[in-house]
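# Structure assessment
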Amino acid sequence: MKEIKHLINGAFVGSASGRTFEDVNPANGQVIARVHEAGRAEVDAAVQAARAALKGPWGKMSVSERAEILHRVADGITARFDEFLEAECLDTGKPKSLASHIDIPRGAANFKVFADLLKNVATEAFEMATPDGSGAINYAVRRPKGVIGVISPWNLPLLLMTWKVGPALACGNTVVVKPSEETPLTTALLGEVMQAAGVPAGVYNVVHGFGPDSAGAFLTEHPDVNAITFTGETRTGEAIMRAAAKGVRPVSFELGGKNAGIVFADCDLDKAIEGSMRSVFANGGQVCLGTERLYVERPIFDEFVARLKAGAESLVIGTPDDPQANFGPLISLQHREKVLSYYQKAVDEGATVVTGGGVPEMPAELAGGAWVQPTIWTGLADGAAVVTEEIFGPCCHIRPFDREEEAVELANSLPYGLAATIWTENTSRAHRVAGQLEAGIVWVNSWFLRDLRTAFGGSKQSGIGREGGVHSLEFYTELKNICVKL
Ligand SMILES: NC(=O)C1=CN([C@@H]2O[C@H](COP(=O)(O)OP(=O)(O)OC[C@H]3O[C@@H](n4cnc5c(N)ncnc54)[C@H](O)[C@@H]3O)[C@@H](O)[C@H]2O)C=CC1
Ligand SMILES: O=C(O)/C=C/C=C(\O)C(=O)O
């Protein structure tokens with residue numbers, strides 16, 4: 001059985017307590033690895049190692065030297081692509097076709113993009129007049145924030161962890177990462193790549209464990225952590241924010257969503273169906289950007305529902321190794337319980353179940369997996385639980401609308417504001433509606449089309465701050481103004 005240890009100051013170490021937990025393959029329920037659970041002692045050692053490393057070779061390197069190392073990290077991920085793919089798919093059960101297209105390449109890109117950005121980004125300068133006529137010059141410099149606590153989720157483990165670690169390191173910080181307890185493998189594997197690439201000891205530390213009363217809480221409460229970046233559920237964000245309040249430490253949060261898709265009758269229906277299939281069902285619906293509410297203009301409502309139903313029923317359910325499969329299990333039996341409870345709520349609240357709504361029949365060797373059916377509902381009231389609460393499963397409710405203003409109002413009606421999609425061939429309408437939607441990210445005639453230079457994050461209860469491109473520098477550096485009187 002594989003044993004997963006913490007990475008602290010360049011060494012893989014077990015927990016002093018000897019406590020471990022099981023890492024389970026969600027496709028069949030089998031245990032893949034035993035993972036050491038960090039106590040306060042391991043978290044403290046990791047944070048101290050990260051702090052010391054700020055003053056070591058890492059802190060003295062030029063931006064170009066750091067960038068070169070981070071390029072080697074990216075190349076190391078690519079060189080060990082198959083190992084990363086295997087590990088990610090074992091942990092999550094997601095189709096290899098998906099992980100090889102999105103998760104692993106983005107894991108590498110997240111280092112390259114930020115390494116290159118740091119080499120080329122400028123800071124501001126202002127000349128100013130002074131009463132004595134000699135003037136002054138202001139210029140800004142960026143300095144690393146220090147030790148960054150990284151709390152990452154299970155849905156896109158490598159992608160989302162490196163989305164934080166890439167810019168943090170490029171900016172000269174050191175990190176302590178607490179990956180999700182469900183998906184420790186690729187974060188651990190990255191430790192090997194970091195070492196081979198020449199990242200000095202203590203710069204990238206990993207502690208494993210759970211959230212409350214475990215490694216997550218110990219890390220976010222630690223007074224020597226200078227800033228915390230987190231992706232996950234809004235309620236967890238609240239708990240982390242309380243921890244960060246002690247010492248007034250900054251947070252960057254990408255939280256839950258209940259994203260709307262608006263489909264106008266003048267859309268290219270083929271594209272709208274193809275895009276909605278992905279935005280609802282990709283990764284088993286376990287993408288914070290995914291669509292769980294679709295609003296479809298009435299003249300095309302019936303056709304849209306029929307075609308999305310046909311699409312959902314054509315998904316091939318299977319394991320990562322099945323080359324035909326494009327739909328995997330949920331992350332865990334516990335998460336399946338949550339999703340199935342919403343499937344039941346939908347029925348209780350009077351939904352028409354267009355397709356799915358239960359657990360698919362699977363062969364005996366997969367019976368212990370966290371499988372659910374792709375599911376579509378219609379006919380629910382706007383206040384129904386499955387229309388208003390984040391489910392994080394492969395499901396959506398579809399509702400007709402008659403007027404553009406009505407669609408905008410419906411889309412904006414919830415406390416979340418992460419992402420939205422608009423499907424229309426009318427360019428003026430696309431701009432008009434996009435401008436009115438209360439969301440950090442709006443896609444027009446696409447979904448999950450990502451340019452890593454752009455601002456990424458949520459409004460309302462979907463997050464705090466923006467990451468991506470230069471926006472990441474706002475969180476991962478301190479901008480200092482130096483005013484020189486001439
Ligand atoms: N990307 C996203 O937006 C994600 C959303 N979710 C949503 O959250 C629900 C619950 O799933 P979880 O895995 O429990 O998500 P979560 O948000 O609780 O967990 C994400 C990470 O936060 C850590 N964590 C949890 N409580 C913490 C605390 N008090 N202090 C520090 N770290 C803490 C976890 O160990 C994990 O590493 C899901 O059903 C889904 O709806 C879950 C994962 C990702
Ligand atoms: O950075 C991206 O491209 C994707 C982000 C996705 C999430 O944050 C998520 O699903 O939680």
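What you are looking at is a predicted structure, and each value in this text was computed from that prediction instead of being measured.

### Comments concerning the domain arrangement of the chain
Taken domain by domain, the chain comprises domain 1 (2-255 + 462-485) and domain 2 (260-444). Domain 1 and domain 2 are separated by 31 Å when their C-alpha centres are compared. Taken together, both faces of the contact between domain 1 and domain 2 bury some 2000 Å²; the carbon and sulfur share is 56%. Joining domain 1 to domain 2, the criterion identifies 1 salt bridge. Here Lys 96 makes a salt bridge to Asp 321, at a shortest N to O gap of 2.7 Å. Counting every contact that joins domain 1 to domain 2 gives 8 residue pairs in polar contact (both at pLDDT 80 or more). Looking at the side of domain 1 that touches domain 2, the elements that each hand over two or more residues are helix H4 (81-92) and helix H5 (96-120).

### Some remarks on the UniProt feature "active site" (unreviewed entry) in the chain
As recorded in UniProt, the feature "active site" (unreviewed entry) lies at Glu 254. Here Glu 254 shows up in strand S12 (residues 251-254). Residue Glu 254 is classed as buried on the basis of its relative accessible area, which comes to 8%. In this structure Glu 254 touches Phe 230, Thr 231, Gly 232, Cys 288, Leu 418, Phe 456 and Ser 462, once residues within four positions along its chain are discounted.

### As for the site of ligand 2
Neighbouring residues of ligand 2: 13 residues in total, closest Arg 106, Asn 155, Glu 254, Cys 288 and Arg 450. Within the side chain of Asn 155, an N or O atom sits 2.8 Å from an oxygen atom of ligand 2. With respect to ligand 2, the backbone of Cys 288 contributes an N or O atom lying 2.8 Å from an oxygen atom. Alone, ligand 2 offers 320 Å² of accessible surface; in the complex the protein occludes 99% of this.

### So, a nonpolar patch on the surface
A contiguous nonpolar surface patch, about 260 Å² in accessible area, is contributed by Met 1, Val 24 and Val 31. Relative to the assigned elements, Val 31 resides in strand S5 (residues 31-36).

### Observations regarding the environment of Val 470
Relative to the assigned elements, Val 470 resides in the loop between strand S22 (463-464) and helix H16 (471-476). Here the alpha-carbon distance between Val 470 and Arg 242, two residues 228 residues apart in the chain, equals 27 Å. Those residues in contact with Val 470 that lie beyond four places of it in its chain are Leu 117 and Val 121.

### So, the confidence of the model for the chain
Looking at the chain as a whole, the pLDDT averages 98, with 100% of positions reaching at least 70. At the level of chain-chain contacts, confidence expressed as ipTM amounts to 0.95, with global pTM at 0.97.

Definitions and limits used
- Once a new chain begins, its residue numbering starts again from 1 and follows that chain's sequence as written.
- Numbering of ligands from 1 and lettering of chains from A proceed in the order in which they are written.
- Confidence filtering applies because this is a predicted model: local features only for residues at pLDDT of at least 70, side-chain atom pairs given and counted only at 80 or more, and all residues used for totals across whole chains, interfaces and linings.
- No hydrogens and no water enter the side-chain calculation; it runs on all heavy atoms of the structure.
- Domains are outlined according to an automatic or database domain assignment.
- Two parts placed together each lose some accessible area; with a 1.4 Å probe, that loss summed over both constitutes the buried area.
- Should a side-chain nitrogen of Lys or Arg be within 4 Å of a carboxyl oxygen of Asp or Glu, the pair is scored as a salt bridge.
- Contacts described as polar in this section are N or O atom pairs within 3.5 Å, which, within protein, must combine one atom able to donate a hydrogen with one able to accept it, while residues neighboring in sequence count only if both atoms come from side chains.
- Where helices and strands are cited, they refer to DSSP runs of H or I of at least four residues and of E of at least two residues respectively, numbered from the N terminus.
- UniProt positions are given in the numbering used here, feature names are shortened, and annotations may be inferred rather than shown by experiment.
- Relative accessibility under 20% of the residue-type maximum defines a buried residue, over 50% an exposed one, and the middle range a partly exposed one, all with a 1.4 Å probe and only protein chains included.
- Any two residues having at least one pair of non-hydrogen atoms within 4.5 Å are treated as being in contact.
- Nearness here has a simple test: a residue counts as near a molecule or strand if at least one of its heavy atoms is within 4 Å of that partner.
- For accessible areas, the Shrake-Rupley method is used with a probe of radius 1.4 Å. Any residue's cover is judged against the shown protein chains and nothing else.
- Patch definition: residues with relative accessible area over 30% and no salt bridge; like charges joined within 9 Å; nonpolar side chains (Val, Leu, Ile, Met, Phe, Trp, Tyr) joined within 5 Å.
- Per residue, pLDDT captures the predictor's confidence, and it can take any value from 0 to 100.

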